[in-house]
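# Examination of the molecular architecture
Chain residues, written in single-letter form:
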Amino acid sequence: MPATTHAKTPAAGSARPPVYALYGEAGRQSALDGLHLESIADRSRLHNWEIQPHRHGALVQLLLIERGRVTARMDEDEIVLRAPALVWVPALAVHGFRFAPETEGVVLTLDQARLRELLHHVPDLLESLADARLVALDRGATVTRLLFAVAHGLREDYAGDGAWRGPALDHAVALLITQAARLGRGAASAHAEGRAMQHLARYREQVERHFRQQPAVATLARPLGITPAQLNRLCRRHLGCSALAVLHERVLLEAKRELGYTHLMVRQIADGLGFADPAYFTRFFARQTGKSPSEWREQSSGR
């Protein structure tokens, strides 16, 4: 969902989903840089309660839906959520929303750099936030009441100028995001080793930066200070797949995004994802999905 921001205009001839970037607000304290808060109605009412699919280059978002209903699209998934509900949108995820008229709730938008500053001491939590979350909440549950109480307090602090406003905002944001991560995460990783999670978080960052070049796993492992064999063991133990599969999963996700949300030709997508030969890209995609890129695009467009 767009923040109170300006959309970057796509290059001529491009049909990619628009990318939004957060700008500082005139008159705000420096402590607010990279943070924006608004009600769902503030923006959605202007667009007939529908936010078209788009993505954020370096922003994450947390939506807390207090009353009403939303049909949320997140990459390939579409789900109808009735309030109370929570939606977590990681950076680069293609997302769109259709809200029932007069839906109530808040949208927290945070720059990824600020997210890392807030949670740098909890690398496994940061790692878990790389995945989207669409969660129906139990209205009577303690955690649901906590989420909305903190959100209401955050709105008051965001709009006000009380003492120690910056730290209050940071604490509230960190609490909301931590609870969001808990709601979408099983208990199995509760005892995961911190150092292993740190390596995996950094590996995910390397993959995110370089997946379009498809470098060798050894190249991605080098900045982590571990060997490819060690990285593979960590990935198999905690992610259930090889380090190469993590890279391929990211390449496949981007391929699906571009097939589903752009009019780029298959050979253009292949070239942009580091495939020297479009035929190899087609074989790669078919091996992963059971369909050719063209078949997948046709099926996707019919949904």
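Bear in mind that the values here come from a model prediction, so they are computed numbers and not experimental data.

### Side note on the overall build of the protein chain
- If you tally the helices and strands in the protein chain, you get twelve helices and eleven strands.
- Looking at the protein chain as a whole, 46% of its 303 residues qualify as buried.
- Within the protein chain, counting contacts between residues at least 6 apart in sequence, those at least 24 apart form 72% of the total.
- Counting only carbon and sulfur atoms, one obtains 50% of the accessible surface of the protein chain, whose full area is about 15100 Å².

### Topic: the pattern of salt bridges
- Across all of its chains, the model carries 15 salt bridges by this definition.
- The closest approach of N and O atoms between Glu205 and Arg209, which form a salt bridge, is 3.8 Å. Here Glu205 pairs with Arg209, and both are found in helix α6 (residues 194-210), just four residues apart, close to one helical turn.
- Given a relative accessible area of 28%, Glu205 falls into the partly exposed group.
- Through salt bridges that share partners, Arg55, Asp75, Glu208, Arg212, Arg250, Glu254, Arg257 and Glu258 make up one connected network.

### Examining the pairing of strand β10 (residues 104-111)
- In terms of burial, β10 is largely enclosed, as six of its eight residues are buried.
- Bridge count between strand β3 (residues 35-39) and β10: five bridges; the pairing is antiparallel. Each bridged residue has a counterpart across the sheet, and for Ser39 the counterpart in β10 is Val106.
- Across eight bridges, the pairing between strand β5 (residues 59-67) and β10 is antiparallel. Bridge assignment links Leu64 to a residue of β10, and that residue is Val106.

### Details of the packing of aromatic side chains
- Evaluated as defined, the whole model comprises six aromatic pairs.
- Consider the rings of Phe285 and Trp296, whose centres lie 6.1 Å apart with planes at 80°: the pair is edge-to-face. Taken together, the positions of Phe285 in helix α11 (residues 278-289) and Trp296 in helix α12 (residues 293-301) put the pair eleven residues apart, joining distant regions of the chain. Across this residue pair, the class does not change: Phe285 and Trp296 are buried.
- Linked through ring pairs, Phe275, Tyr280, Phe281, Phe284, Phe285 and Trp296 together constitute an aromatic cluster.
- The ring of Phe211 has Arg250 sitting right over it, with the charged end atom 4.2 Å from the ring centre.

### Some words on the packing of helix α9 (residues 243-261) against α11
- Look at α9 against α11: their axes get within 11 Å of each other, and the N-to-C directions meet at 100°. Relative to α11, the element α9 is oriented roughly perpendicular. Each of His248, Val251, Leu252, Ala255, Lys256 and Leu259 in α9 lies in contact with α11, whose residues at this interface are Phe281, Phe284, Phe285, Gln288 and Thr289.
- Among the residues forming the contact of α9 with α11, the class breakdown is seven nonpolar, three polar and one charged.

### A short note on the side chain of Lys256
- Tracing the chain through its elements places Lys256 in helix α9.
- Assessed through its relative accessible area of 15%, Lys256 is described here as buried.
- Beyond its immediate stretch of four places on either side in the chain, Lys256 contacts Glu76, Phe285, Thr289 and Trp296.

### Let's talk about the sheet that holds β3
- If you walk across this open sheet you meet the five strands as β3-β10-β5-β8-β11, and the pairing is antiparallel. Both edges of this open sheet fall to β3 and β11 (133-136), since each of them pairs with a single strand only. Each neighbouring strand pair of the sheet contributes to a mean axis angle of 10°, computed without reference to strand direction.
- Sheet analysis places strand β8 (residues 85-89) next to β11, joined by four bridges and oriented antiparallel.

### Focus: the environment of Arg182
- With respect to the helices, strands and loops of the structure, Arg182 is situated in helix α5 (residues 165-183).
- With a relative accessible area of 57%, Arg182 lands in the exposed category.
- Each C-alpha atom of the pair Arg182 and Leu125 lies 8.9 Å from the other, and the pair is 57 residues apart in sequence.

The rules we used
Residues numbered from 1 in each chain as written. Predicted model: local features only at pLDDT ≥ 70, side-chain atom pairs only at ≥ 80, totals over all residues. Heavy atoms only, no water. Helix = DSSP H or I, 4+ residues; strand = E, 2+ residues; numbered from the N terminus. Buried < 20%, exposed > 50% of the residue type's maximum accessible area, 1.4 Å probe, protein only. Contact = heavy atoms within 4.5 Å. Areas by Shrake-Rupley, 256 points an atom, 1.4 Å probe, with all protein chains shown as cover. Salt bridge = Lys/Arg side-chain N within 4 Å of Asp/Glu carboxyl O. Pairing = 2+ DSSP bridges. Phe/Tyr/Trp six-rings, centres within 6.5 Å; stacked < 30°, edge-to-face > 60°. Lys NZ or Arg CZ within 6 Å of the ring centre and 35° of its normal. Axes fitted to C-alpha atoms, helices over the stretch in contact; angles between N-to-C directions. Parallel < 35°, antiparallel > 145°, perpendicular 65-115°, else oblique. Nonpolar A, V, L, I, M, F, W, Y, C, P; charged D, E, K, R; others polar.

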